[in-house]
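Residues per chain are reported as follows:
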Amino acid sequence: MLPLPEIKIPIIPIPLENSSVSLYIKREDEVHKAISGNKYWKLFYNVNQYLELTPTEPMLISFGGAYSNHIAALAALGKDFGIQTLGIIRGEELEERWAENPTLRLAAECGMQFCFVSRALYRDKESLAESFKNQYPNALIIPEGGTNLQAVEGVKYMLNADTQDFDYICTAVGTGGTVAGLSKFAECHQQVLGFKVVKDASLSEVVSRLSRRENITLFEASYGGYGKVSDEVIGFINAFQRRYQILLDPIYTGKMMMKLLELIEAGYFPKGSKILAFHTGGLQGILGANQMLKQQNRPCIDII
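Residues numbered from 1 in each chain as written. Predicted model: local features only at pLDDT ≥ 70, side-chain atom pairs only at ≥ 80, totals over all residues. Heavy atoms only, no water.

Going by what an unreviewed UniProt entry lists, the chain is known as 1-aminocyclopropane-1-carboxylate deaminase and is assigned to Bergeyella porcorum. On record in UniProt, under Cofactor (unreviewed entry), the comment for the chain is "pyridoxal 5'-phosphate". Looking at the Sequence similarities (unreviewed entry) heading of the UniProt record, one finds this comment for the chain: "Belongs to the ACC deaminase/D-cysteine desulfhydrase family." (UniProt positions renumbered as here; feature names shortened; annotations may be inferred.)

This is the structure we're talking about:
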């Protein structure tokens, strides 16, 4: 069974010059060395409820792209707890060269098996899930990004007595599970800000359905699109690390913090506001991002 981590997650102040608000970041990326950030909590109830059924030869199956944090986390979980894992990976062209990909190589080292499918087939995940359920009837099939009702329940552990006094709580948004969980379990006085790193018009509806509260504001923060890493984002991440000694990932938390600081500079928050941003992990993806950036002869993310 997945245990509740004993580590106390630090909340770090981010000093701001000439600002009337205070900003902090909660280092959820430190919750586990490999199942980092929100991934641990999104998998917590999914996996524990499944294992309570004591399945024979337990197996976890899920979906993801070539650099998926969720796939990397699921593989690490399988290794740590002795559970078979299977990743359904978008892009059949990767089948012959997956070992060149840092994320997939890491997942394979954790024991994960892969099934590579075309992008067209990947889009119909319901049919794919049904097919794999027929093939592996005892397996737990987890949605892409780990987002479902059980994931939302697990996210409540990201909130505790240390987070209750903040006026705003902020997170990057991919599939919507984390922001929905923060919304569902936030204090009555708190506003939840979600920073969308993917251009998906259905996200508002998904988050609202999972949360059932009206305390969320979503902002566009894709900076060119999901998985796109602009030189501007790279420069921001490197400058942020030099100033605050905190490394951000280029797909989620880096873009969230960039947009959040833009909002602070624009005077979005009332004077005296206390703002808490969640570092949701994903640092494993930096290796893949840098690999791509080097091939394009572009600046890379500093790993100090």
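The discussion continues.
Draft legend 1. Layout of the sheet that holds strand S4 (residues 84-90). One open sheet accounts for four strands, arranged S5-S4-S3-S6; its pairing is parallel. Both outer strands of the open sheet, strand S5 (113-117) and strand S6 (140-142), are each paired with one neighbouring strand and no more. Here the strands of the sheet are splayed against their neighbours by 20° on average, with no regard to which way each runs. Helix H5 (residues 125-135) rests against strand S3 (59-64), S4, S5 and S6 of the sheet, and its axis sits at about 160° to S3. (Pairing = 2+ DSSP bridges. Helix = DSSP H or I, 4+ residues; strand = E, 2+ residues; numbered from the N terminus. Axes fitted to C-alpha atoms, helices over the stretch in contact; angles between N-to-C directions. Contact = heavy atoms within 4.5 Å.)

Draft legend 2. Representation of the layout of surface pockets within the structure. As a volume, the second largest pocket reaches approximately 390 Å³. Forming the boundary of the second largest pocket are 19 residues, of which Leu-16, Glu-17, Leu-261, Ile-264 and Glu-265 lie nearest the centre. Secondary structure elements with two or more residues in the lining of the second largest pocket: helix H9 (231-244) and helix H10 (253-265). Grouping the constituent residues of the lining of the second largest pocket by class yields 11 nonpolar, four polar and four charged. (1 Å grid on protein atoms, 1.4 Å probe; cavity = no way out; pocket = protein on both sides within 12 Å on 5 of 7 lines; lining within 4 Å. Points joined across faces, edges and corners; volume = space filled by probe spheres on them. Nonpolar A, V, L, I, M, F, W, Y, C, P; charged D, E, K, R; others polar.)

Draft legend 3. Focus on the environment of Asn-69. The residue Asn-69 is located in helix H2 (residues 69-81) in this model. The sequence separation of Asn-69 and Tyr-252 amounts to 183 residues, and the corresponding C-alpha distance is 10 Å. If we ignore the near neighbours within four places in the chain, the residues touching Asn-69 are Lys-39, Tyr-252, Gly-282, Gln-284 and Gly-285.

Draft legend 4. Spotlight on the pattern of salt bridges. In the structure shown here, the tally under the stated rule is 12 salt bridges. Residue Arg-119 pairs with Glu-93 through a salt bridge whose shortest N-O separation is 2.8 Å. Placement of the pair is Arg-119 in helix H4 (residues 119-123) and Glu-93 in the loop between S4 and helix H3 (102-109), with a sequence separation of 26 residues. Of the residues examined, Arg-119 reaches a relative accessible area of 42% and is grouped as partly exposed. Here Glu-144 makes a salt bridge to Lys-125, at a shortest N to O gap of 3.5 Å. Note that Glu-144 is positioned in the loop between S6 and helix H6 (149-154) and Lys-125 in helix H5, a separation of 19 residues in sequence. The exposure class of Lys-125 is partly exposed, given its relative accessible area of 24%. (Salt bridge = Lys/Arg side-chain N within 4 Å of Asp/Glu carboxyl O. Buried < 20%, exposed > 50% of the residue type's maximum accessible area, 1.4 Å probe, protein only.)

Draft legend 5. Representation of the UniProt feature "domain: Tryptophan synthase beta chain-like PALP" (unreviewed entry) in the chain within the structure. This chain's UniProt record puts "domain: Tryptophan synthase beta chain-like PALP" (unreviewed entry) on residues 10-281. The straight-line gap between the two end C-alpha atoms of residues 10-281 is 14 Å; of that span, 38% is helix and 19% is strand.

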